[in-house]
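Close look at the chain arrangement
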There are 2 protein chains.
Amino acid sequence: MNHFRPVELGHASRLLNHGPTVLVTSTHGGRSNVMAAAWSMPVEFTPPRISVVIDKSTFTRELVIASGAFGICLPGAGLVDLTYAVGQASGRKVDKIARHKIATRRGPVLGVPLIEVGCAGWLECRLIREPHTEDAYDTCFAEVVAAAADSRIFVGGHWTFRDDNTELQTIHHLGAGNFVRAGGVLRATGA
Amino acid sequence: MNHFRPVELGHASRLLNHGPTVLVTSTHGGRSNVMAAAWSMPVEFTPPRISVVIDKSTFTRELVIASGAFGICLPGAGLVDLTYAVGQASGRKVDKIARHKIATRRGPVLGVPLIEVGCAGWLECRLIREPHTEDAYDTCFAEVVAAAADSRIFVGGHWTFRDDNTELQTIHHLGAGNFVRAGGVLRATGA
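Just so it is clear, the model here is predicted, and its values are computed rather than measured.

Quick word on the overall build of chain A
For chain A, the count of helices and strands is five helices and 14 strands. The globule rule puts the C-alpha radius of gyration for 191 residues at 16 Å, and the 16 Å found for chain A is close to it. A principal-axis box enclosing the C-alpha atoms of chain A has dimensions of 45 × 35 × 30 Å. Going through the 191 residues of chain A one by one, you find that 58% of them count as buried. In chain A, which carries 19 positive and 17 negative side-chain charges, the distance between the mean positions of the two groups comes to 3 Å.

Shown next as structure tokens:
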């Protein structure tokens, strides 16, 4: 059973607000790819815009520039090994989606490949060309055109981290294959 | 006793790699300020560079542009209320550093105010002027010129999240005053 439900675009920034490590998906000319990225963030609520660092040497960068689109998928804690694995190999040499038998669906607006099994959510993104920042900082800006999340962990625009959904909780890369899982919710006084 | 120790610049990106919410500190012309920011990320290992979203309406933005420098401080879980509070009020109307009795030290290179008590680490940053991205995406790029971290939680270039340092563990804002604490370390197979 698929628990993914659309997320209002006005709430899309919340999927990335807490700094999870993500999977960047892309496709062009019959080839598709997935890579891990620790460096992404929202930059605007409305219109929903994000930025992500995609090194200029990567196959993903080539596909993203050629297609003008990419997906940002949020792996849950159950996908920590997969996330690390697709962050190590290059899509130029191996079809990582086939090798790891990753099921993808097509994004509703741009048709980018998106991963739902084991992921907490995804954002379908249209690249905003910024040649200078792409070149100088490997930073790609994009507008979010669609978003969805697993309703067992993100409902009504809010994350809900509980003991019964740890496998879907987002992961945050410390470096060298060590991740922390988001958990232990703290509510600020006055909020 | 102060447990802060310098962090090699080559390891500075690891302080931000897992997406913590940060405090942005700044000073110019005798006025200083602190604001919370959920949206920041590394963009380059060497030279160490980062980006952070600082809304153009904020007093911090004014001080950062005028001084060409700012600090990124990582509040530990014990500072969740303070983080939320300084994210709500504007420094134009109130001296938040004085109101909350925040102790600061001067950065070793640029003299920016930096917070150590209750924080896990800090990065002293020199703004790299990028008028287009500052205007279009409120995104400020900077080079990290010095960094330090509390040795009880970051040692030898690595985070160490343990049961005995939860108060220093980084926080990650979900929105509306709800934060998650980084914890539950997962090590990828093959790492």
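After that view, the rundown keeps rolling.
Re the side chain of His173 of chain A
The topology assignment puts His173 of chain A in strand E13 (residues 171–175). A polar contact is formed between the side chain of His173 of chain A and the backbone nitrogen of Gly177 of chain A, at a distance of 3.0 Å. Discounting chain neighbours no more than four positions away, the residues touching His173 of chain A are Thr21, Ala38, Asn178 and Phe179 of chain A together with Asn17 and His18 of chain B.

Quick word on the relation of the copies chain B and chain A
For the match of chain B to chain A, the screw axis carries a shift of 0.0 Å, the RMSD comes to 0.0 Å, and the turn is 180°. In symmetry terms, the pair is related by a two-fold rotation axis. Every residue of chain B has its C-alpha some distance from the rotation axis, and the shortest such distance is that of Gly19 of chain B, at 1.9 Å. Taken together, the interface assignments show that 100% of the residues at the interface of chain B recur at the interface of chain A, consistent with an identical surface on both copies.

Quick notes on the pairing of strand E4 (residues 40–44) of chain A
Residue and element names in this part refer to chain A. By the criterion of burial, E4 is predominantly enclosed, with four of the five residues buried. Pairing of E4 with strand E5 (residues 49–53), which is carried by four bridges, proceeds in the antiparallel orientation. Paired with Pro42 across the two strands is Ile50, which belongs to E5. Between E4 and the antiparallel strand that follows it, E5, lie four residues.

Observations regarding the interface of chain B and chain A
Facing the 52 residues of chain B at the interface are 52 residues of chain A. Counting each side, the surface lost to burial between chain B and chain A is near 4,300 Å², with a carbon and sulfur contribution of 58%. Area buried by chain B at its contact with chain A is led by Trp39, Tyr137 and Leu186 of chain B, which between them contribute 18% of it. Taken together, the links from chain B to chain A amount to zero salt bridges. Linking chain B with chain A are 14 residue pairs in polar contact (both at pLDDT 80 or more), by the criterion used here. Broken down by secondary-structure element, the contributors of at least two residues to the side of chain B that touches chain A are helix H1 (13–16), strand E4 (40–44), strand E5 (49–53), helix H3 (80–88), helix H5 (131–137), strand E10 (139–150), strand E13 (171–175) and strand E14 (178–187) of chain B. For the side of chain B that touches chain A, the element with the most residues is E14 of chain B, which contributes ten residues. In the side of chain B that touches chain A, the residues fall into 27 nonpolar, 18 polar and seven charged. The pairing of strand E14 (residues 178–187) of chain A with E14 of chain B spans nine bridges and is antiparallel. Looking at the pairing, Ala182 of chain A lines up with Ala182 of chain B of E14 of chain B.

About the cut-offs
Residues numbered from 1 in each chain as written. Chains lettered and ligands numbered in written order. Predicted model: local features only at pLDDT ≥ 70, side-chain atom pairs only at ≥ 80, totals over all residues. Heavy atoms only, no water. Helix = DSSP H or I, 4+ residues; strand = E, 2+ residues; numbered from the N terminus. Rg over C-alpha atoms; globule rule 2.2 N^0.38 Å. Buried < 20%, exposed > 50% of the residue type's maximum accessible area, 1.4 Å probe, protein only. Lys, Arg positive; Asp, Glu negative; His and termini not counted. Charge placed at Lys NZ, Arg CZ, Asp CG, Glu CD. Polar contact = N/O pair within 3.5 Å; in protein donor to acceptor, adjacent residues only side chain to side chain. Contact = heavy atoms within 4.5 Å. Least-squares fit on C-alpha atoms with pLDDT ≥ 70 in both. Pairing = 2+ DSSP bridges. Buried area = accessible area lost by both parts, 1.4 Å probe. Salt bridge = Lys/Arg side-chain N within 4 Å of Asp/Glu carboxyl O. Nonpolar A, V, L, I, M, F, W, Y, C, P; charged D, E, K, R; others polar.

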